[in-house]
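Letter by letter, the chains look like this.
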Amino acid sequence: MAFPPKLPPIPGTNLFDGEYAKKGYALNKMCFSFNSADNRAAFLQDEEAYMTKYELTDSQKAAIRAKQVLQLLDEGGNAYYLAKFAGIFKLDMQDIGAQQRGMSKDEFKAMLVASGK
Amino acid sequence: MAKIIGGLGTSHIPAIGGAIHRGAQQEPYWKPFFDGFPPIREWLGKAQPDVVVMFYNDHGLNFFLDKMPTFAVGAAALYHNADEGWGIPTLPPFKGELDLSWHIINHLVENEFDVTTCQEMLVDHACTLPLKLFWPEGDCPVTVVPVCINTVQFPLPHARRVYALGRAVGEAVAAWDSSKKVAFIASGGLSHQLEGERAGFINKEFDLQFLQSLESNPEWATQYSIHELVEKTGTQGIELLAWLAMRAALSAGEGSGVRKVHSNYHIPISNTATGLLALEKF
């Protein structure tokens, strides 16, 4: 029997398990480096060189260039490290949320407020 | 022996730090969140804990995927905060409580918990913001023992296991040869999800049930698997594990129960359904 057992999918959600970890290690390691202001500056200075230094795959590089969160998640990106990448471009969690939901930021914020009613 | 005075739970959204820094607490967006705190601060002013054991989750500051503990206990003299990638102003370091750190570590390993011990440990917003929320003025008056629970790399520990860990930590504190007063803090939650097509997911009904269960039926949420809890509360709602640990810690030692001092629930701050709870142990 397979372990861990395959569990019913959660809508719009993927758990960052070993499969994603294996896929995304280089991407996540690069994004973890963005804790440092110097590293963030170095990335902005020369994004291609920085990505190459961290040995991102071609498709991971494409996802970084596109700045599309769903794409980055597919490439094995973990939300906690991707948040640091988003921070470089001054994107907050509602910018990210709106992008992933295909909504405007105002629509996304309104959706959150409606959840409270 | 040390005295357990009670437990607290609060959300820890990074934007809170910015709001405090800007003095935005009474702005319409922030007021329903910050207004929850004064009754709890008043109680803390009377109860005067000396030490806090902080159950929280690191968000990629202290730990990376290269070495990811399931449970990590801080045993440092000082805990520094640092840049997490968004340039939020860092706070002064927090003082540790080394005797209690080692007492907890010894008790946990003796009770067959496999923990990682950290004699240097950066503490992120999850650890620092609750301290700033509960003691906003001046230096932090409590010493801290951080207990970090992995929520980054699945598989995560089962809710039953986290509850057991919390209870063991509580037992350790109750048996600590000290005259100090100790409070437990849970940091994180409540329901929210940052990533995926379900970003912005909130589950008010479950959150309110969960908050109620912490008073009346503390093990209630441990019936659910991690998978089920993520489905019900969101990928970051799983931070409720810290609340379970806090509540379990309160069940240890002398005394029969808990009394709710105050609670608050407000949607939204950033993407999060914010919860706030203070329980006095009696």
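The structure we're discussing is the one just above.
Below is a short write-up of the structure. (Residues numbered from 1 in each chain as written. Chains lettered and ligands numbered in written order. Predicted model: local features only at pLDDT ≥ 70, side-chain atom pairs only at ≥ 80, totals over all residues.)

Remarks on the overall build of chain B
Threshold: Each helix is a run of DSSP H or I of at least 4 residues and each strand a run of E of at least 2, with the numbering of both proceeding from the N terminus. Atoms counted for the radius of gyration: C-alpha only. Globule rule: 2.2 Å times residue count to the power 0.38. Three exposure classes are used, based on other C-beta atoms lying within 10 Å of a residue's own C-beta, which is placed from the backbone: buried for 20 or more, exposed for 12 or fewer, and partly exposed in between. Here the contact rule is simple: place C-beta atoms from the backbone, and any two residues whose C-beta atoms are within 7 Å are in contact.
A tally of helices and strands in chain B yields nine helices and ten strands. Taking 282 residues into account, the globule formula puts the C-alpha radius of gyration at 19 Å, and chain B, at 17 Å, falls close to it. Seen through its C-alpha atoms, chain B measures out along the principal axes to roughly 45 × 40 × 40 Å. Within the span of chain B, comprising 282 residues, buried residues form 57% of the whole. Taking the contacts inside chain B whose residues are at least 6 apart along the sequence as the reference set, 83% of them involve residues at least 24 apart.

What to know about the overall build of chain A
Counting secondary structure elements, chain A contains eight helices and zero strands. The order of helices and strands in chain A, counted from the N terminus, is α-α-α-α-α-α-α-α. C-alpha atoms of chain A, sized along the principal axes, occupy 45 × 45 × 20 Å. Residues counted as buried form 36% of the 117 residues belonging to chain A. When contacts within chain A are restricted to residue pairs at least 6 apart in sequence, those whose partners lie at least 24 apart make up 59%.

Here we look at the sheet that holds strand S2 (residues 51–56) of chain B
Think of a sheet as strands paired side by side through backbone hydrogen bonds, with each pair either parallel or antiparallel. Residues and elements named next belong to chain B. Put simply, the test is: The criterion for strand pairing is that DSSP finds at least two bridges linking the strands in question. Note on method: axes are straight lines fitted to C-alpha atoms, helices fitted across the in-contact stretch only, with angles between N-to-C directions ranging 0 to 180 degrees.
The sheet built from eight strands is open, its strands ordered S6-S3-S7-S2-S8-S1-S10-S9 with mixed pairing. Each of the sheet's edge strands pairs with one partner strand only, and the pair in question is strand S6 (116–118) and strand S9 (258–269). Each adjacent strand pair in this sheet contributes to an overall mean axis angle of 15°, direction not counted. Bridge count for S2 against strand S7 (residues 143–149) is six bridges, and the pairing is parallel.

Some details on the interface of chain A and chain B
For the record, the criterion: Under this grouping Gly is polar, as are all residues other than the nonpolar Ala, Val, Leu, Ile, Met, Phe, Trp, Tyr, Cys and Pro and the charged Asp, Glu, Lys and Arg.
Contact residues are listed per partner, giving 38 residues for chain A and 33 residues for chain B. For the side of chain A that touches chain B, the elements supplying multiple residues, two or more each, are helix H1 (18–32), helix H5 (69–74), helix H6 (79–88), helix H7 (93–101) and helix H8 (105–115) of chain A. It is H7 of chain A that contributes the most residues to the side of chain A that touches chain B, six residues altogether. Looking at the side of chain A that touches chain B residue by residue, the classes come out as 22 nonpolar, 13 polar and three charged.

So, the pairing of S2 of chain B
A regular strand places its side chains so that they alternate between the two faces of the sheet. Residue and element names in this part refer to chain B. Burial runs high along S2: six of the six residues are buried. The two faces of S2 match: Val-51, Val-53 and Phe-55 on one face and Val-52, Met-54 and Tyr-56 on the other face are all buried. Of the strand pairs in this sheet, S2 and strand S8 (residues 181–187) are connected by five bridges, and their pairing is parallel. Note that in S8 the partner of Val-52 across the bridge is Ala-183.

A word on H1 of chain A
Two residues of an α-helix separated by three or four positions point the same way, owing to the 3.6 residues in each turn. Residue and element names in this part refer to chain A. Threshold: Expected helix span is computed as 1.5 Å times (number of residues minus one). In this analysis the local bend is the angle between axes fitted, respectively, to the seven residues ending at and the seven residues starting at the residue.
Taking 1.5 Å per residue, 15 residues should reach 21 Å; H1 reaches only 18 Å between its end C-alpha atoms and comes up short. The largest bend in H1 amounts to roughly 70° and is located at Gly-24. Where the residues of H1 are buried, they touch helix H3 (47–53), helix H4 (58–66) and H6.

Comments concerning the pairing of S7 of chain B
Residue and element names in this part refer to chain B. Counting buried residues in S7 gives seven out of seven residues, a clear majority hidden from the surface. Because side chains alternate across S7, one face comprises the buried residues Thr-143, Val-145, Val-147 and Ile-149, and the other comprises Val-144, Pro-146 and Cys-148, equally buried. As judged from the three bridges shared by strand S3 (residues 71–74) and S7, these two strands associate in the antiparallel manner. Residue Val-73 lies in a different strand from S7, and its bridge partner there is Val-147.

Here's the deal with the nonpolar core
So the rule is basically this: Note on terminology: a nonpolar core is a set of buried residues of type Ala, Val, Leu, Ile, Met, Phe, Trp, Tyr or Cys, with members joined through C-beta atoms within 7 Å.
With 96 residues, the main nonpolar core has Val-53, Phe-55, Leu-244, Ala-245 and Met-246 of chain B as its most contacted residues. If you tally residues by element for this core, the top one is helix H9 (residues 240–250) of chain B, at ten residues. Those residues in contact with Phe-55 of chain B that sit more than four places away from it in its chain are Val-147, Ile-149, Gly-166, Phe-184, Ile-185, Ala-186, Ser-187, Ala-242, Ala-245 and Met-246 of chain B. Core analysis: the second largest hydrophobic core is formed by 25 residues, Phe-34, Val-69, Leu-82 and Ala-83 of chain A among them.

Remarks on unusual backbone geometry
With an omega of 10°, the peptide bond between Phe-154 of chain B and Pro-155 of chain B qualifies as cis. Here Pro-155 of chain B shows up in the loop between S7 and helix H6 (159–174). The residue after Gly-189 of chain B, namely Leu-190 of chain B, is reached through a cis peptide bond having omega 0°. Relative to the elements of secondary structure, Leu-190 of chain B occurs in the loop between S8 and helix H7 (204–216). Positive phi is not limited to glycine here, since Glu-55 of chain A has a value of about 60°. Among the secondary structure elements, Glu-55 of chain A is positioned in the loop between H3 and H4. For Glu-112 of chain B, which is not glycine, the phi dihedral falls at a positive 65°. Locating Glu-112 of chain B in the fold gives a position in the loop between helix H4 (98–110) and S6.

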